[in-house]
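# Fold and contact review
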Amino acid sequence: MTLKLLGGARSRASIPRWYLEERAIPYEWVQLDMQAGEHKTDAFAAINPFAKVPALVDQTLRAPGGEPLQLFESGAILLHLADHHANEFTGTADQVAAQRALATQWVLFANSTLAVALFVPANREREFPQLMTVLDGLLAGGSSLLAGPWGDPLWSVADCAVNAYLAYLPVFFPQIDLNPYPNVQATIAATQARDAYQRGMGKI
């Protein structure tokens, strides 16, 4: 297997795993026992010295030292998979550059702005309503976040990054009232119904 994804249960590793399942990209899944500290071993530290999951080993590319490419950070892994394994960015050179830039924008938004607004209590109280209001408008009609002049993809790496965090809401924060955001609710329901999402979450 040329791709190996390492992660733990109920971790951010589920996000790139969902992308791999959605795009039917062959990979090996290695679930680490986080309680036993398998992410703190020397073997894993050779991939990610910060002892965080997920991590990806890609045998199809070589790092500057000649070893297989090794990546950490879920956003970096997502963008690498979209670019080099799913061939998600297509068209002229200018179109590819624009698509890649927009995908990077949304992945960084998901992993920084949205994640912080969800998981940091002070930020959740201050920023959450404004972010949800804007996202609710952008998600109207089931739109992809990368809709643009090259077409409206049904699903993209941007959708994976953002919708994965939205789908965390009823799991980690069931007390939050999402009724004011019907398009966010519909997106969460549609995400959770996808077979690839359920496989990525280890549910089927």
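Whatever comes next refers back to the structure up there.
The structure presented is a predicted model; accordingly, all values stated were derived computationally and were not measured.

## Some thoughts on the overall build of the chain
Counting secondary structure elements, the chain contains eight helices and four strands. Tracing the chain from N to C terminus, the helices and strands come up as β-α-β-α-β-β-α-α-α-α-α-α. Relative to a compact globule of 204 residues, whose C-alpha radius of gyration would be 17 Å, the chain shows 17 Å and is just as compact. When its C-alpha atoms are laid out on the principal axes, the chain stretches across 50 × 45 × 30 Å. A burial count over the chain gives 46% of its 204 residues as buried. In the chain, 59% of the contacts between residues at least 6 apart in sequence involve partners at least 24 apart. Across the chain, the 14 positively charged side chains and the 19 negatively charged ones have centroids separated by 4 Å.

## Quick word on the packing of aromatic side chains
Applying the stated criterion across every chain, the model contains 11 aromatic pairs. A centroid spacing of 5.6 Å and a plane angle of 70 degrees characterise the contact between Phe50 and Phe72, whose relative ring orientation is edge-to-face. On the criterion of sequence distance, the pair formed by Phe50 in the loop between α2 (42-45) and β3 (55-62) and Phe72 in strand β4 (residues 68-72) is long-range, its members being 22 residues apart. A ring pair is formed by Tyr168 and Phe172, whose centres lie 5.5 Å apart and whose planes are at 85 degrees; its orientation type is edge-to-face. In this pair, Tyr168 and Phe172 both sit in helix α6 (residues 157-172), four residues apart, roughly one turn of the helix. Using a relative accessible area of 9% as the deciding quantity, one classes Tyr168 as buried. A residue is classified by how much of its surface remains accessible, and Phe172, at 34% relative accessible area, is partly exposed. Ring-pair connections join several aromatic residues into one group, and the members of that group are Phe119, Tyr165, Tyr168, Phe172 and Phe173.

## Some words on the side chain of Ser14
Topologically, Ser14 is positioned in helix α1 (residues 14-22). In terms of polar contacts, Ser14 uses its side chain to reach the backbone carbonyl oxygen of Ser11, at 2.9 Å. Excluding its chain neighbours within four sequence positions, the residues that come into contact with Ser14 are Tyr168, Gly200 and Met201.

## Description of the sheet that holds β4
The strand order across the open sheet formed by four strands is β2-β1-β3-β4, and the pairing between neighbours is mixed. Bordering the open sheet on either side are β2 (28-31) and β4, each of which pairs with just one other strand. Each strand of the sheet is rotated relative to its neighbour by a mean of 20 degrees, with strand direction disregarded. Direction of pairing for strand β1 (residues 3-7) relative to β3: antiparallel, over a ladder of four bridges. Its bridge partner lying in β3, Leu5 is registered against Leu56.

## Some remarks on helix α4 (residues 93-119)
Compared with the 39 Å implied by 1.5 Å per residue over 27 residues, the 38 Å span of α4 between its first and last C-alpha is a close match. Maximal helix bending in α4 amounts to about 40 degrees, located at Phe109. Here α4 has its buried residues at Val96, Gln99, Ala103, Trp106, Val107, Phe109, Ala110, Asn111, Leu114, Ala115, Ala117 and Leu118. Residues of α4 that are buried in the fold lie against α3 (74-84), α5 (121-138) and α6.

What counts and how
- Residues numbered from 1 in each chain as written.
- Predicted model: local features only at pLDDT ≥ 70, side-chain atom pairs only at ≥ 80, totals over all residues.
- Heavy atoms only, no water.
- Helix = DSSP H or I, 4+ residues; strand = E, 2+ residues; numbered from the N terminus.
- Rg over C-alpha atoms; globule rule 2.2 N^0.38 Å.
- Buried < 20%, exposed > 50% of the residue type's maximum accessible area, 1.4 Å probe, protein only.
- Contact = heavy atoms within 4.5 Å.
- Lys, Arg positive; Asp, Glu negative; His and termini not counted.
- Charge placed at Lys NZ, Arg CZ, Asp CG, Glu CD.
- Phe/Tyr/Trp six-rings, centres within 6.5 Å; stacked < 30°, edge-to-face > 60°.
- Polar contact = N/O pair within 3.5 Å; in protein donor to acceptor, adjacent residues only side chain to side chain.
- Pairing = 2+ DSSP bridges.
- Axes fitted to C-alpha atoms, helices over the stretch in contact; angles between N-to-C directions.
- Expected span 1.5 Å × (residues − 1).
- Bend = angle between axes of the 7 residues up to and from the residue.

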